[in-house]
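# Overview (structure and organization)
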Amino acid sequence: MENNTVVSIKNLHKSFGDVEVLKGIDMDIKKGEVVAILGPSGSGKTTFLRCLNFLETADKGIVEIGGQRVDCQDKGKQQKKKIIELRRNTAMVFQNYNLFSHRTLIENVMEGLVVVHKMDKTEAYDKSKKMLERVGLGERINYYPHMISGGQKQRASMARALVLNPYVILFDEPTSALDPELIGEVLDTMKQIADEGITMIVVTHEMLFARDVADRVIFMDKGVIVEQGTSKQIFTQPKEERTKKFLSRFM
Ligand code: ADP
């Protein structure tokens, strides 16, 4: 991997039964890069993201994140350890937040630090509080998820991801479950994170986010990358018919 490459994916394949959902995906992402992945429903975007942190295991291919390299077909003894290590280099923001409902926001954010990183509780508390302040939830650290809005929940889940200081944050349609009036605050927080130089891979239907915030836009369809480029290239001069057709529905 080149020095500033934090994510490197080679020839990733994944099938569910007879259906090949990923048909050989390659991708290299540099530190601080914000990559938006667009494409029709069912094109394999979420599966791709889940294969990066081994929520799904690809059938074939190589995933390398933050210097930890995993060959998905490796059956060796060290494989499990490598996967745990690689997962520690990532954090994910889910469509449905995945917050623990019986824990307060600060407890949710602390969880990974204490359980995974074995951090001292006082230090984890301080770091988590700062992170919740950074996403505008400093006044609500002792609230339970049911007491706050969907937008606030998603900002809390971003704090939970950020506090782990991962090499990359994977966003899986982070605004899809939100009422329209709450989408803006979540996108604003994502933009703020992007501006801070965090490496992000974002599966999204938010065209304005892709156009205005992403450094690179990748268009996927039927398990392959059809086209990619800077957001300007993809939005103003898409080359492929499939990309043009997809974008024309939004613009
Ligand atoms: P996208 O995120 O682009 O909408 P997905 O990655 O969610 O696409 O899904 C791609 C295809 O894989 C779809 O046809 C979906 O039904 C199928 N799929 C996803 N997850 C599973 C699973 N766990 N078992 C079986 N099929 C799945």
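Here the structure is a predicted model, which is why all the values come from computation and not from measurement.

Each value, and the rule that gives it
Residues numbered from 1 in each chain as written. Predicted model: local features only at pLDDT ≥ 70, side-chain atom pairs only at ≥ 80, totals over all residues. Heavy atoms only, no water. Patch = residues over 30% accessible without salt bridge, like charges linked within 9 Å, V, L, I, M, F, W, Y side chains within 5 Å. Areas by Shrake-Rupley, 256 points an atom, 1.4 Å probe, with all protein chains shown as cover. Salt bridge = Lys/Arg side-chain N within 4 Å of Asp/Glu carboxyl O. Helix = DSSP H or I, 4+ residues; strand = E, 2+ residues; numbered from the N terminus. Buried < 20%, exposed > 50% of the residue type's maximum accessible area, 1.4 Å probe, protein only. UniProt positions renumbered as here; feature names shortened; annotations may be inferred. Near = heavy atom within 4 Å. Polar contact = N/O pair within 3.5 Å; in protein donor to acceptor, adjacent residues only side chain to side chain.

## Points about a nonpolar patch on the surface
- On the surface, Tyr143, Tyr144 and Met147 cluster together to form a nonpolar patch covering roughly 270 Å² of accessible area.
- Position of tyrosine 143 relative to the elements: it lies in the loop between helix 4 (121-134) and helix 5 (150-162).
- Look at tyrosine 143 and you get partly exposed, because its relative accessible area is 31%.

## Section: the UniProt feature "domain: ABC transporter" (unreviewed entry) in the protein
- If you check UniProt for "domain: ABC transporter" (unreviewed entry), the listed places come out as residues 7-247 in our numbering.
- Between the C-alpha atoms that bound residues 7-247 there is a distance of 27 Å. The span itself is 38% helix and 26% strand.

## Digging into the site of the ligand
- Near the ligand the following residues occur: Phe16, Val21, Pro40, Ser41, Gly42, Ser43, Gly44, Lys45, Thr46, Thr47 and Glu56.
- Between the ligand and glycine 42 there is a distance of 2.7 Å, counted from an oxygen atom to a backbone nitrogen or oxygen.
- Look at the ligand: alone it shows 560 Å² of surface, and the protein chains cover 57% of it.
- For the shell around the ligand, the leading source of residues is helix 1 (residues 45-52), giving 3 residues.

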